There are 2 protein chains.
Amino acid sequence: MVDSPADAESPAVIALGGNTLLGEQGPWTVEAQLEVIERTARHVADVVEGGQDVVLTHGNGPQVGNLLLQQDAAPETPRLPLDVLVAETQAQIGYLLQQALDNELAASPDFLTIVTQVVVDADDPAFETPTKPVGPFYTEAAAAEKPFETRRVGDGERPFRRVVPSPEPVEVVEADEIARLVERGNLVVCGGGGGVPVVRDGRLRGVEAVVDKDKTSQLLGAALDAAVLVVLTDVEHAYVNYGEADERALREVEAAELRTHLRNGEFGAGSMRPKVEACLRFVEGAGERAVIASPEHLAAALAGEAGTQIRA
Amino acid sequence: MVDSPADAESPAVIALGGNTLLGEQGPWTVEAQLEVIERTARHVADVVEGGQDVVLTHGNGPQVGNLLLQQDAAPETPRLPLDVLVAETQAQIGYLLQQALDNELAASPDFLTIVTQVVVDADDPAFETPTKPVGPFYTEAAAAEKPFETRRVGDGERPFRRVVPSPEPVEVVEADEIARLVERGNLVVCGGGGGVPVVRDGRLRGVEAVVDKDKTSQLLGAALDAAVLVVLTDVEHAYVNYGEADERALREVEAAELRTHLRNGEFGAGSMRPKVEACLRFVEGAGERAVIASPEHLAAALAGEAGTQIRA
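All figures in this text were calculated on a predicted structure; none of them were measured in a lab.

Analysis parameters
- Residues numbered from 1 in each chain as written.
- Chains lettered and ligands numbered in written order.
- Predicted model: local features only at pLDDT ≥ 70, side-chain atom pairs only at ≥ 80, totals over all residues.
- Heavy atoms only, no water.
- Helix = DSSP H or I, 4+ residues; strand = E, 2+ residues; numbered from the N terminus.
- Rg over C-alpha atoms; globule rule 2.2 N^0.38 Å.
- Buried < 20%, exposed > 50% of the residue type's maximum accessible area, 1.4 Å probe, protein only.
- Contact = heavy atoms within 4.5 Å.
- Areas by Shrake-Rupley, 256 points an atom, 1.4 Å probe, with all protein chains shown as cover.
- Lys, Arg positive; Asp, Glu negative; His and termini not counted.
- Charge placed at Lys NZ, Arg CZ, Asp CG, Glu CD.
- Pairing = 2+ DSSP bridges.
- Axes fitted to C-alpha atoms, helices over the stretch in contact; angles between N-to-C directions.
- Buried area = accessible area lost by both parts, 1.4 Å probe.
- Polar contact = N/O pair within 3.5 Å; in protein donor to acceptor, adjacent residues only side chain to side chain.
- Nonpolar A, V, L, I, M, F, W, Y, C, P; charged D, E, K, R; others polar.
- Salt bridge = Lys/Arg side-chain N within 4 Å of Asp/Glu carboxyl O.
- Parallel < 35°, antiparallel > 145°, perpendicular 65-115°, else oblique.
- Left-handed = near helix turned anticlockwise from the far one by under 90°.
- Least-squares fit on C-alpha atoms with pLDDT ≥ 70 in both.
- Phe/Tyr/Trp six-rings, centres within 6.5 Å; stacked < 30°, edge-to-face > 60°.
- Lys NZ or Arg CZ within 6 Å of the ring centre and 35° of its normal.

Enquirer: Help me out: how do you make sense of the overall build of chain A in this one?
Expert: What chain A contains, in helices and strands, is nine helices and 17 strands. For 312 residues, the compact-globule estimate of 2.2 N^0.38 gives 20 Å, and the C-alpha radius of gyration of chain A, at 19 Å, lies within 12% of that figure. Across the 312 residues of chain A, 60% fall into the buried class. For chain A, contacts bridging at least 24 residues in sequence account for 71% of all contacts bridging at least 6. Accessible surface for chain A amounts to roughly 12,200 Å². Of this, 46% is attributable to carbon and sulfur atoms. The average position of the 26 basic charges and that of the 51 acidic charges among the side chains of chain A differ by 5 Å.

Written as structure tokens, this is what we have:
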């Protein structure tokens, strides 16, 4: 257990990447899923026992993909829209996380999983050009018959997938309630899968889109006056010249320098770039520090001793 | 809008039956589902605007059945156990409810959907003899090959269904956190589908079972010191000699008399009996009053002017 110098009065928002929720290889079984989640829970428990309030967010890509695949396979059941399926994954993952965390932290108040809506702008250009692939792979013929937009994303027999918009998050609907929970010392899992995307046109209304979970985590961190945003992923740092002979791990980096690397296209669109963008937004706002690290180094990352430490 | 004389300091626990979440006839589409949920939200909004704090619970039978059916249809996806699927339905339904309620009650704090675990006894005799049918119908041959217990529940080509235990709920894991939310004036959706069934053997562990939502609502009501438990269903009252020529609606009934009717087998096992049992437990405990009513009479039911009003 590492004592965290992070302001214990102020929560750390910890964004759990896919590798904290599912195994890297092997068949996906609920037993394997539980094993990975319990390992993640132990890392989180260490920092909670170190006095750090935490708010957990998480991804849901494979989970929402399976729900889409299962709906496809059972046409006699109602086809629920993507916003409803994202909500389902918040409870699927949240339940397993809160149970594993309650088991690790018997003395603490129980973790609460909060179904979380995130407002996006109905005029977000992302709605014009859906780019985010979700769910099953289709043949060209099958794709042509789907009631939603598909795009060729690869080769082989089934190169088509559904693509959905990935608009920018602008407001976490339940942010005030979550802030009060955190003030009272509750431990919260929320914003799963980037939040359930809704637009506010007088009323709240779900939309078929997915929101980047790291950007929603940044927004939530700002709303909660979090001192630290931690983005957990499957590498120990962000790198420049990643995969090249002269690859260099970024350990301590200022926002200005990191933004230059971002502009120079150092970070992969689907992987590191949104994490770096979320961290930059956080420290360029009121956030003190953002960290990109791997789950096993969470406590050290919070202590400023691991990962890529980003300051304004 | 009806002013409710119910103690505004003490929440009413309102258990939403299937007919408050889904249409009675016609194909199940998400549009039809939303229409029914929005109607339910208006009834709930009336009593909230009348000054009544509410905690909403709800059923999930058709929803969890569809998830089981979809898993069956997509064997290439992981088969998640029933506890995880129950959690998914809590967010599926909770999300749609909280959004509809937020839209009806723009001035109130946002509704929060809390993923809720309910502890059952690992030695509950229900685990010896699973009785609750869930999910798809199977042929005898298909049923024989399933990795879970099935039972003949009807005639026709597919007379078999999976049966699961329905143990008694003994503790709502998140009850303290929900109580504090209610004290602070939050409006909460919780205990969906009777709660996610878990056993406590040193640690919390999910089990493949379903818990009666009305019994969990009673347990939650007791934990929250609720003055009133309202069980909403598709009839206006509980009846004696139901469906007979001398059918009689119960309007005002004392626990002792209702228990006699229960002993005499007046109430159907799958339908009215668990509702009556939950109401009796509630008023035989610290509960002031329990009501069985139809959703359109919610405000009048809380005001003591509709449904079957049950007192100790």
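Text resumes after the structure shown.
Enquirer: Explain the sheet that holds strand 15 (residues 252-254) of chain B here, please?
Expert: Within a sheet, neighbouring strands are paired by backbone hydrogen bonds and run either parallel or antiparallel to one another. All names here are of chain B. The strand order across the open sheet built from eight strands is 3-9-2-1-12-16-17-15, with neighbouring strands paired in mixed fashion. Each having just a single partner strand, strand 3 (111-113) and strand 15 make up the two edges of the open sheet. For this sheet, the mean inter-axis angle between neighbouring strands, taken without regard to orientation, is 20 degrees. Pairing of strand 1 (residues 12-16) with strand 12 (residues 228-232) involves five bridges; the strand directions are parallel. Across the sheet, L16 pairs through a bridge with L232, a residue of strand 12. Packing of helix 1 (residues 30-49) onto the sheet brings it into contact with strand 1, strand 2 (54-58) and strand 9 (187-189), and relative to strand 2 it is tilted by some 155 degrees.

Enquirer: What is the right way to read the interface of chain A and chain B from this model?
Expert: For interface size, the figure often reported is the accessible area lost on association. Across the contact, 50 residues belong to chain A and 50 residues belong to chain B. Across the chain A/chain B interface, buried area totals approximately 4,300 Å², and carbon plus sulfur atoms make up 58% of it. Linking chain A with chain B are 18 residue pairs in polar contact (both at pLDDT 80 or more). Taken together, the elements giving at least two residues each to the side of chain A that touches chain B come down to helix 1 (30-49), helix 2 (61-73), helix 3 (82-104), strand 3 (111-113), helix 5 (175-183), strand 10 (196-201) and strand 11 (203-206) of chain A. Looking at the side of chain A that touches chain B element by element, the count peaks at 13 residues for helix 3 of chain A. Of the residues in the side of chain A that touches chain B, the class split is 24 nonpolar, 13 polar and 13 charged.

Enquirer: What am I meant to see in the pattern of salt bridges here?
Expert: Where charged atoms of side chains with opposite charge meet at close range, the side chains can pair. All names here are of chain A. This structure, assessed with the given rule, holds 29 salt bridges over all chains. Of the charged contacts in the structure, one is a salt bridge between E208 and R79, with a shortest N-O distance of 3.6 Å. Of this pair, E208 sits in the loop between strand 11 and helix 6 (213-223) while R79 sits in the loop between helix 2 and helix 3; the two residues are 129 residues apart in sequence, bridging distant segments of the chain. Take R79: its relative accessible area is 38%, and that puts it in the partly exposed class. A cluster of three or more residues bridged by salt bridges with shared partners is formed by E168, K215, E277 and R281.

Enquirer: Would you explain the packing of helix 7 (residues 255-263) of chain B against helix 8 (residues 272-284) of chain B in this entry?
Expert: Any two packed helices are characterised by the angle at which their axes cross and by the distance between the axes. All names here are of chain B. In the contact formed by helix 7 and helix 8, the axes pass within 10 Å of each other and the chain directions differ by 150 degrees. On the basis of their axis angle, the class for helix 7 and helix 8 is roughly antiparallel. Handedness of the helix 7/helix 8 crossing: left-handed. Between helix 7, through A255, L258, R259 and L262, and helix 8, the contact on the second element is made entirely by R273, V276, E277, L280, V283 and E284.

Enquirer: How should the relation of the copies chain A and chain B be read in this particular structure?
Expert: Both copies of the chain are related through a single rotation about an axis accompanied by a shift along the same axis. When chain A is fitted to chain B, the residual RMSD is 0.0 Å, and the transformation amounts to a turn of 180 degrees plus an axial shift of 0.0 Å. Here the two chains are linked by the operation of a two-fold rotation axis. When the interface residues of chain A are mapped onto chain B, 100% of them are again interface residues, pointing to one common binding face.

Enquirer: Is there a simple way to think about the packing of aromatic side chains in this case?
Expert: Think of a pair of aromatic rings as described by two things: how far the centres are apart, and how the planes are tilted against each other in angle. If you walk through the whole model with that rule in mind, you get four aromatic pairs over all chains. Ring centres of Y138(A) and F148(A) lie 6.2 Å apart, and the angle between their planes is 40 degrees; on these two criteria the pair is classed as tilted. Placement of the pair is Y138(A) in strand 5 (residues 132-138) and F148(A) in the loop between helix 4 (140-145) and strand 6 (150-152), with a sequence separation of ten residues. Assessed through its relative accessible area of 5%, Y138(A) is described here as buried. A ring pair is formed by Y239(B) and Y242(B), whose centres lie 5.3 Å apart and whose planes are at 35 degrees; its orientation type is tilted. Cation over ring: R162(A) sits above F148(A), and NZ or CZ is 4.5 Å from the ring centre.

Enquirer: Mind showing me how you'd approach unusual backbone geometry here?
Expert: Residues and elements named next belong to chain B. Phi is positive for D225, which is not a glycine, with a value near 50 degrees. Among the structural elements, D225 can be located in the loop between helix 6 (213-223) and strand 12. On the basis of relative accessibility, which here comes to 62%, the residue D225 falls in the exposed class. Positive phi, normally seen in glycine, also occurs at N241, with a value near 55 degrees. You can see N241 is positioned in the loop between strand 13 (238-240) and strand 14 (248-250).

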